[in-house]
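Close look at the chain arrangement
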Amino acid sequence: MMTLQVISSDQTLIHEIADFLLSEKLLANAMISEGVVYKTRDNLGNIVNSKRYILKGISKSLLFHTINKKLREKFKDNMPLLYSEPVILIDPEQTDIIIDRLIKA
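Residues numbered from 1 in each chain as written. Predicted model: local features only at pLDDT ≥ 70, side-chain atom pairs only at ≥ 80, totals over all residues. Heavy atoms only, no water.

**Focus on the overall build of the chain**
- Along its length, the chain carries three helices and four strands.
- By its C-alpha atoms, the chain is 50 × 30 × 20 Å across when sized along the principal axes.
- Across the chain, the fraction of contacts at a sequence separation of at least 24, relative to all contacts at a separation of at least 6, is 69%.
- Accessible surface, the chain as shown: approximately 6800 Å² in total, 50% of it carbon and sulfur.
- Separation of charge centres in the chain, based on 14 positive and 13 negative side chains, amounts to 4 Å. (Helix = DSSP H or I, 4+ residues; strand = E, 2+ residues; numbered from the N terminus. Contact = heavy atoms within 4.5 Å. Areas by Shrake-Rupley, 256 points an atom, 1.4 Å probe, with all protein chains shown as cover. Lys, Arg positive; Asp, Glu negative; His and termini not counted. Charge placed at Lys NZ, Arg CZ, Asp CG, Glu CD.)

**Digging into the side chain of S8**
- Along the polypeptide, S8 turns up in strand β1 (residues 2-8).
- Within polar-contact distance, the side chain of S8 engages the backbone nitrogen of D10 at 3.0 Å.
- The residues touching S8, leaving out its near neighbours within four places in the chain, are L13, I14, R52, Y53 and P80. (Polar contact = N/O pair within 3.5 Å; in protein donor to acceptor, adjacent residues only side chain to side chain.)

**A few points about the pairing of strand β2 (residues 31-41)**
- As paired strands, β2 and strand β3 (residues 47-59) are joined by nine bridges and run antiparallel to one another. Bridge pairing in β3 places V36 opposite R52.
- Linking two consecutive strands that pair antiparallel, namely β2 and β3, is a turn of five residues; a positive phi of about 90° is found at G45 within it. (Pairing = 2+ DSSP bridges.)

**Side note on the confidence of the model for the chain**
- Chain-level statistics for the chain give a pLDDT mean of 96 and a share of 100% at 70 or above.
- Confidence, expressed as mean pLDDT per element, reaches its minimum in the chain at helix α3 (residues 92-100) with 92 and its maximum at β1 with 98. (pLDDT = per-residue confidence, 0-100.)

**As for the pattern of salt bridges**
- What the rule picks out here adds up to one salt bridge.
- When the shortest N-O distance is used, the salt bridge between K70 and E24 registers 3.8 Å. With a gap of 46 residues between them, K70 in helix α2 (residues 64-75) and E24 in the loop between α1 (11-23) and β2 connect regions that are remote in the sequence.
- Since its relative accessible area comes to 30%, K70 is described here as partly exposed.
- Using a relative accessible area of 32% as the deciding quantity, one classes E24 as partly exposed. (Salt bridge = Lys/Arg side-chain N within 4 Å of Asp/Glu carboxyl O. Buried < 20%, exposed > 50% of the residue type's maximum accessible area, 1.4 Å probe, protein only.)

**A word on α1**
- The terminal C-alpha atoms of α1 lie 19 Å apart, and with 13 residues this matches the ideal 18 Å at 1.5 Å per residue to within 8%.
- Taken as a whole, α1 has its buried residues at L13, I14, I17, A18, F20 and L21. Taken down its axis, α1 places every buried residue within 170° of arc, on the same side. Residues of α1 that are exposed and point more than 90 degrees away from the buried face comprise T12, D19 and S23.
- Lining the buried residues of α1 we find β1, β2, β3 and α2.
- Near the N-terminus of α1, the side chain that reaches the backbone nitrogen of T12, with its oxygen 3.0 Å away, is that of D10.
- Trailing α1 by a residue or two, K25 shows a phi angle of about 60°, which is positive. (Expected span 1.5 Å × (residues − 1). Arc of directions from axis to C-beta.)

Below you can see the structure in the form of structure tokens.
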């Protein structure tokens, strides 16, 4: 299991991705954080603050490459930052519910 994370400055894109991944049964659920502070350094080394939107959802680790490929095909040059974090422990009953919401990998 994994927590998929998608980060973008485009709120509409994040909602579109959530709907797409849920409809394709590639995510079991989706949570969207609205307007978090995102800090980076610019080319001069200055700290820059901007607003980002974060989509988090639970899926199977085996689906990461499929998700990445489908998002790259669908959103091409507008591809957001995408990564996953492992889910180490989860309640067994919740695991069954999550698995039932996902495509077979």
